[in-house]
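# Overview (structure and organization)
These are the residues of each chain, in order.
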Amino acid sequence: MLKETVRRHIDGQLVPVEINVSPILDCSDRVTVGSSIIYRDISGRQRAEDALRRHAAQQALLLKATSDLIRASEPGELGRV
């Protein structure tokens, strides 16, 4: 099972984490009384995803502005664009 959530670090900061919970199996592949829980800090991944979204939005805005300028057929129309 994989889940994303926020946990509080020992220093008090909130940290986005991914939690992976797996049952512990015995040699016969039966579930024993226990599980393995791994917490992984995903703040770096989230920062990278946010940067990609911002970059994509900037590229879309630049593409729209460039397209509008290309469509302007007369110099007088540039002021309206």
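Every chain's residues receive numbers from 1 upward, in the order its sequence appears when written. Selection of residues for local features in this predicted model requires a pLDDT of at least 70, selection of side-chain atom pairs for listing and counting requires 80 or more, and totals for whole chains, interfaces and linings are taken over all residues. Processing note: side-chain calculations cover all non-hydrogen atoms of the structure and skip hydrogens and water entirely.

Time to look at the overall build of the protein chain. A tally of regular secondary structure across the protein chain gives one helix and three strands. Starting at the N terminus, the α and β elements of the protein chain follow one another as β-β-β-α. For each residue, the accessible area found with a 1.4 Å probe, counting protein chains only, is set against the maximum for its type, and the residue is called buried under 20%, exposed over 50%, and partly exposed in between. Across the 81 residues in the protein chain, those meeting the buried criterion constitute 11%. Sequence-distant contacts in the protein chain: of pairs separated by 6 or more residues, those separated by 24 or more amount to 19%. When the accessible surface of the protein chain is split by element, carbon and sulfur atoms take 58% of a total near 6,900 Å². A run of H or I in DSSP becomes a helix once it reaches four residues, and a run of E becomes a strand once it reaches two; helices and strands are each numbered from the N terminus. Residue contacts follow a heavy-atom distance rule, with two residues in contact if any of their heavy atoms lie within 4.5 Å. Per-residue accessibility takes into account occlusion by the displayed protein chains alone, with areas from the Shrake-Rupley method and a 1.4 Å probe.

In this structure, Asp 29 is a non-glycine residue whose phi angle is positive, near 60°. You can see Asp 29 is positioned in the loop between strand S2 (14–25) and strand S3 (31–41). On the accessibility criterion, Asp 29 (61% relative accessible area) is exposed.

Consecutive side chains of a regular strand alternate in pointing toward one face of the sheet and then the other. Note on pairing: DSSP must find at least two bridges between two strands before they are called paired. The pairing of strand S1 (residues 2–8) with S2 spans seven bridges and is classified as antiparallel. The partner of Leu 2 across the bridge, within S2, is Asn 20. Remark: five residues form the turn of the hairpin made by S1 and S2, two consecutive strands paired antiparallel; Gly 12 in that turn has positive phi of roughly 100°. Strand direction decides the pairing type here: S2 and S3, joined by eight bridges, are antiparallel. Counterpart to Val 17 in the pairing with S3 is Asp 41. Between S2 and S3, which pair antiparallel and follow one another directly, the connecting turn spans five residues, one of which, Asp 29, has a positive phi of 60°.

What follows covers the pattern of salt bridges. One side-chain nitrogen of Lys or Arg within 4 Å of one carboxyl oxygen of Asp or Glu is enough to make a salt bridge. What the rule picks out here adds up to seven salt bridges. The partner of Arg 45 in a salt bridge is Glu 49, and the shortest N-O contact between them spans 3.7 Å. Taken together, the residues Arg 45 and Glu 49, both in helix H1 (residues 43–71) and four residues apart, mark about one turn of the helix. We note a salt bridge from Asp 50 to Arg 53, for which the minimum N-O separation is 2.5 Å.

Before going further, it helps to examine the confidence of the model for the protein chain. As a per-residue measure, pLDDT reflects the predictor's confidence and takes values from 0 up to 100. Scored by pLDDT, the protein chain comes out at a mean of 88, with 89% of its residues at no less than 70. For the protein chain, the element scoring lowest by mean pLDDT is S3, at 88; S1 scores highest, at 94.

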